Amino acid sequence: MRCEVVTAAGTAKVTDGDGPEGTGEGATGEEAEEARGTTPLPRPLLRSALALYLDLHAHPELSGHEHRTADLLAARLTDHGLTVTRAVGGGHGLVGVLRNGPGPTVLLRTELDALPVTEATGLPYASTTPGVMHACGHDLHIAAVTGAVALLAGDRDSWRGTLLVVGQPAEETLSGARPMLQDGRLYERFGTPDAVLAQHAAPLPAGTVAHAPGGAPLMAGSIAADVTLHGRGGHAATPHLTVDPVLMAAATVLGLQSVAAHASAPAEQAVLTVGSVRAGERGNITPDTAELSLTARAFTDSALDRLLAAATRVVRAQAAAAGAPRDPELTVTARSPALLPDPALTAAVRRAHEGALGAARVLDAAPTTATEDFPHFAAGGVATAYWLLGTTGVRQWRAARAGGGPVPPNHAPGFAPDVRAALPTGITALAAAARQVLGGRGNGSGNRNGETVPGGGGKAES
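All values derive from a computational prediction rather than experimental measurement. (Residues numbered from 1 in each chain as written. Predicted model: local features only at pLDDT ≥ 70, side-chain atom pairs only at ≥ 80, totals over all residues. Heavy atoms only, no water.)

## With respect to the overall build of the chain
Here is the rule: Runs of E in the DSSP output that reach at least two residues are strands. Runs of H or I that reach at least four are helices, and both are numbered from the N terminus. Throughout, exposure labels follow a simple rule: accessible area from a 1.4 Å probe, protein chains only, divided by the maximum for the residue type, with under 20% read as buried, over 50% as exposed, and the rest as partly exposed. Two residues form a contact once any of their heavy atoms are found within 4.5 Å. Values of accessible area rely on a 1.4 Å probe in the Shrake-Rupley scheme; residue burial ignores everything except the protein chains shown.
A tally of helices and strands in the chain yields twelve helices and 15 strands. When burial is assessed residue by residue, the chain has 54% of its 462 residues classed as buried. Across the chain, contacts joining residues at least 24 apart in sequence account for 80% of those joining residues at least 6 apart. Accessible area for the chain stands at about 18300 Å²; split by element, carbon and sulfur atoms hold 53% of it.

## Here we look at the environment of D288
Mapped onto the elements of the fold, D288 is located in the loop between β11 (285–286) and β12 (289–298). Judged by relative accessible area, which is 48%, D288 ranks as partly exposed. Expressed as a C-alpha distance, the spacing of D288 and H230, which sit 58 residues apart in the sequence, is 6.1 Å. Once you skip the residues sitting within four places of it in the chain, D288 turns out to touch L229, H230, G231, R232, G233 and P245.

## Considerations on the packing of helix α7 (residues 245–256) against helix α9 (residues 301–321)
As a reminder, the rule being used: Here an axis means a line fitted to C-alpha atoms, over the contact stretch when the element is a helix, while the angle between two N-to-C directions is reported on a 0 to 180 degree scale. Orientation labels follow simple angle bins: below 35 degrees gives roughly parallel, above 145 gives roughly antiparallel, 65 to 115 gives roughly perpendicular, and whatever is left gives oblique. The handedness criterion is simple: a crossing whose near helix is rotated anticlockwise from the far helix by less than a right angle is left-handed, and one whose near helix is rotated clockwise is right-handed.
Direction vectors running N to C along α7 and α9 enclose 150°, while the axes themselves pass 9 Å from each other. When the axes of α7 and α9 are compared, the pair comes out roughly antiparallel. Our pair here, α7 against α9, has a crossing hand that is right-handed. Every residue of α9 that contacts α7 at M248, A251, T252, G255 and L256 is listed here: A311, V314, V315, Q318 and A319.

## Examining the pattern of salt bridges
Where we set the bar: For this document, the term salt bridge refers to a Lys or Arg side-chain nitrogen within 4 Å of an Asp or Glu carboxyl oxygen.
In the structure shown here, the tally under the stated rule is 14 salt bridges. Between E372 and R109 there is a salt bridge; the shortest N-O distance is 2.7 Å. Taken together, the residues span a long stretch of sequence, with E372 in the loop between β14 (362–365) and β15 (384–392) and R109 in strand β4 (residues 105–111) at a distance of 263 residues. Here R109 falls in the buried class, since its relative accessible area comes to 2%. E291 is the salt-bridge partner of R278, the closest N and O atoms lying 3.2 Å from each other. Placement of R278 in strand β10 (residues 271–279) and of E291 in strand β12 is noted, with a sequence separation of 13 residues between them. Given a relative accessible area of 31%, E291 falls into the partly exposed group. Shared partners join several salt bridges into a network, and the residues in it are R109, E111, E372 and D373.

## Things to note about the pairing of strand β8 (residues 221–230)
Convention followed: Each pair of strands is called paired provided DSSP finds at least two bridges between the two strands.
Counting buried residues in β8 gives nine out of ten residues, a clear majority hidden from the surface. Relative to strand β13 (residues 329–336), β8 runs antiparallel, the two sharing seven bridges. Residue pairing in the sheet places S222 in a bridge with S336 of β13.

## Quick notes on the nonpolar core
Here is the rule: Joining through side-chain atoms within 4.5 Å is the link that ties buried Ala, Val, Leu, Ile, Met, Phe, Trp, Tyr and Cys residues into a set, and such a set is a nonpolar core.
Of all hydrophobic cores here, the largest spans 66 residues; its most connected members are L140, L163, L197, L345, W387, L423 and I427. At twelve residues, helix α12 (residues 419–438) tops the list of elements feeding residues into this core.

## Notes on unusual backbone geometry
Unusually for a residue other than glycine, A170 sits at a positive phi of about 55°. Inspection of the secondary structure puts A170 in the loop between β5 (161–168) and α5 (177–181). Residue classification places A170 among the buried positions, given a relative accessible area of 9%. In this structure, R185 is a non-glycine residue whose phi angle is positive, near 50°. Tracing the backbone through its elements, the reader meets R185 in the loop between α5 and α6 (186–190).

## Digging into the sheet that holds β13
One open sheet accounts for four strands, arranged β10-β12-β8-β13; its pairing is antiparallel. Pairing within the sheet leaves two strands with one partner each, and these edge strands are β10 and β13. Strand-to-strand twist of the sheet, defined as the mean angle between neighbouring strand axes without regard to direction, takes the value 15°. Bridge count for β8 against β12 is ten bridges, and the pairing is antiparallel. When the sheet's bridge partners are listed, T228 is paired in β12 with E291. α7 contacts β8, β10 and β12 of the sheet and is inclined by roughly 10° relative to β12.

## Let's talk about the confidence of the model for the chain
Under the convention used in this document: Summary of the metric used: pLDDT quantifies the predictor's per-residue confidence within the range 0 to 100.
When pLDDT is averaged along the chain, the result is 89, and 87% of the positions lie at 70 or above. The low-confidence segment residues 1–28, where pLDDT is below 50, has 63 contacts with residues more than four positions distant or belonging to other chains. Taken as a whole, residues 441–452 scores under 50 in pLDDT and shows 32 contacts with residues more than four places along the chain or in a different chain.

Written out as C-alpha cells, the structure reads:
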C-alpha cells in the first residue's frame, strides 16, 4: 500500500528513539508516548500485545488457513471477558462480544491472513513458514485490537454499550468479509453496529495515523479475475503443429497493459495489473493451457465495469488471433467497492485521535489504489471509519526523504513495521475511536462536551 501524505503544516515530522527500526532499541512505546505528551499505556498490556505480534509474525498463515491465528485471537478475547463465536460465515471467521449496558454498538475489525511472500527482513522474529509472510501488517492489526480490547475491558466505567470484535479471514483474496456478513448473518446474529472501525498499516511515519479528508475515498474498488487460455500442446520442435498458449498469454499480457489508458479517463486513476502467469512445465513441451490472474482498480463502479469489459475483449481477441481451439475463460473471483469512510464518523474519530495522539500526528491521506473488502461492512448504511497506521521508523523515513532507497511498501519482502512505535499508536487509536462512539472518558477520547457522535446512540441488538 502506497499513499502520499500531507498535513496542514506541510511535511510530516517524526521524533522518536534512535535505535534500529523493528528491534525495540531506542525509545520504547511507553517512552515515545511520554515524549509526545500522551498518556502511556500500561507496560504489561504493551508486553502482552508485543508478544502476540512477534508470535503471529513468526507463524503466518495464508488466506483460508488461519486456524492458529484465529485460535490465538479467540483466546485473547476470551481472556478479556468477550464471548467468542467461531466459524462465522464458514472458515476461520470469529466474533467476540462484550456487553456493557445499554448504548451504542461498535465493531472493531481485524484481518487474520498473511501473503505468499518470502520474507527478506532479516528480523530475529521473521517468518518460520517457507514462502509465507505477514507482509501487509495484519499481525500488527490483531495485536493492536487485543490491546485496545484490554483497555476497554479493563475500564468499563468509561463507556457504555456493546463492543464487537471481528477477526476476518481471507482479506488478501477479498473473499472473507462478504461470507461473514451474508452466510454468517453477522449483523443479524450479533447486532447491527452503530459504527465499524478499522485501521491498516501503511509506509507512513510510525507513531502517526492518516485519514481521508471528509467525503474523499481512501482506497479504490477492485475486481480480481482469473483467465484460462486454451491452446493445443505438442513438441517444442514442431510449433507449426501446436497452438501455443504461452505466446497467447504473452500477447494478452501486453494487450492488457493499454486497457487502463483507453478504457478510463486519466482523472479516474484506474489501474490494471497482471500479477500471475502460469504455463507449462518443461522448455521442450508446448502446454495445452496458460493461466493469468489480474486485478483492476478504480474509484467508481462504472470505471471498474469498463475495465472488465475492455479486458474481456483483449483476452478474447488474442485467443481468436492465435487460432485457439476453444474460447478463453475469464472468471471474476472477487469484487469490492471503493472504500468511502463515513464523513461525519471520520470527523469524530479524527478529533478523538488528535486528542489521544496530538494533532501533529494525525495526517491527511491521499486516495490510494490499494483495495480492501472492508467496504462490505457498510452494508445497509452502517457508518464506517478507516484510517492508515504509520509503520516506518524514523531512520528509514529520514533516509528515504534524503534520497535514499524507498521504504519497502506493503506486500514487499522487506516490509518491516517499527513495532515499538506503531503498536502503541495502533492500540491507542482503536481505543480512542471506540470510546468516541461509546461515550465516556479516557486518553483524550470519548464523547466530550455533550457532543453527539455520528452513528452513536443506538442500542445493541440481542
